[in-house]
Amino acid sequence: MSEKDLLIDAAKQARENAHAPYSNFRVGAALRSTSGRIFTGCNVENASYGLTMCAERVAIFKAISEGERGFSAIAVVTDTDALTPPCGACRQLIWEFCGDVPVTMANLSGKRETLQMKELFPRPFDDSNL
Ligand code: THU
């Protein structure tokens, strides 16, 4: 299996744990660190709606909180025909911690597309603006 396939598979597995009783939109994410580890996340919703956390940010926070720094790719898996790109908040966080990495979006039917963060998030606000 290729590294990309492995990352998609990890995101698929993480999606199984999604807590999405309000939207029924289940998302899985997987983040590859430059040290070779894979960190996964799923969306975790809340009855107050606004406290919902996306799968991508869960994966990032898990990795960062475990001391990992430096990432080379991220995958996002949903079960929709139209592939799911990270939301705006997640793009900001992916840029902060991962920079211009490839973002692979995939669904359960085998459809996939990979875009660079620079395409998804042109002209970011980051530490270069401070
Ligand atoms: N969601 C994610 O987890 N990641 C995305 O990239 C898009 C949206 C979640 C948040 C919420 O639980 C549900 O999908 C519907 O917006």
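Residues numbered from 1 in each chain as written. Predicted model: local features only at pLDDT ≥ 70, side-chain atom pairs only at ≥ 80, totals over all residues. Heavy atoms only, no water.

Student: I'd love a proper account of the site of the ligand, names of residues and values included.
Tutor: With respect to spatial proximity, 13 residues lie near the ligand, and among them N43, E45, C54, A55 and E56 are the closest. Measuring from an oxygen atom of the ligand, one finds a backbone N or O atom of A55 at 2.9 Å. Take E56: an N or O atom from its side chain is 2.5 Å from an oxygen atom of the ligand. In isolation the ligand offers 380 Å² of accessible surface; the protein chains occlude 79% of this area. By residue class, the composition of the shell around the ligand is seven nonpolar, four polar and two charged. (Near = heavy atom within 4 Å. Polar contact = N/O pair within 3.5 Å; in protein donor to acceptor, adjacent residues only side chain to side chain. Areas by Shrake-Rupley, 256 points an atom, 1.4 Å probe, with all protein chains shown as cover. Nonpolar A, V, L, I, M, F, W, Y, C, P; charged D, E, K, R; others polar.)

Student: Residues and numbers for helix 3 (residues 88-98), please.
Tutor: Burial in helix 3 covers these residues: C90, R91, I94, W95 and C98. In a view along the axis of helix 3, the buried residues occupy a sector of 135°, so they form one face of it. Lining the buried residues of helix 3 we find strand 1 (28-33), helix 2 (55-65), strand 3 (71-78) and helix 4 (117-120). Where helix 3 ends, the next residue or the one after it, G99, has phi of about 70°, a positive value. (Buried < 20%, exposed > 50% of the residue type's maximum accessible area, 1.4 Å probe, protein only. Helix = DSSP H or I, 4+ residues; strand = E, 2+ residues; numbered from the N terminus. Arc of directions from axis to C-beta. Contact = heavy atoms within 4.5 Å.)

Student: Can you lay out the side chain of E68 for me, pointing to particular residues and giving the numbers?
Tutor: Relative to the elements of secondary structure, E68 occurs in the loop between helix 2 and strand 3. Here E68 falls in the buried class, since its relative accessible area comes to 10%. A polar side-chain atom of E68 sits 3.4 Å from a polar atom in the side chain of S33.

Student: Could you give an account of unusual backbone geometry, naming the residues involved and the relevant values?
Tutor: Located in the positive-phi region is N24, a residue other than glycine, with phi close to 55°. Given the relative accessible area of 62%, N24 is considered exposed. Residues other than glycine seldom take positive phi values, yet Y49 does so here, at roughly 60°. Here Y49 shows up in the loop between strand 2 (38-42) and helix 2. In this structure Y49 comes out as exposed when scored by relative accessible area, which is 57%.

Student: Outline the nonpolar core, supporting the account with residue identities and numerical values.
Tutor: Residues L31, F71, I74, I94, C98, V101 and M117 are the most contacted members of the largest nonpolar core, which totals 20 residues. If you list the elements that add at least two residues to this core, you get strand 1, helix 2, strand 3, helix 3 and helix 4. With five residues, helix 2 is the largest single contributor of residues to this core. Ignoring sequence-local partners within four residues, the contact set of C98 consists of L31 and F71. Residues L7, A73, A75 and V77 belong to the second largest nonpolar core, which totals nine residues. (Core = buried A, V, L, I, M, F, W, Y, C linked by side-chain atoms within 4.5 Å.)

Just geometry here; none of it tells us what the structure is for.
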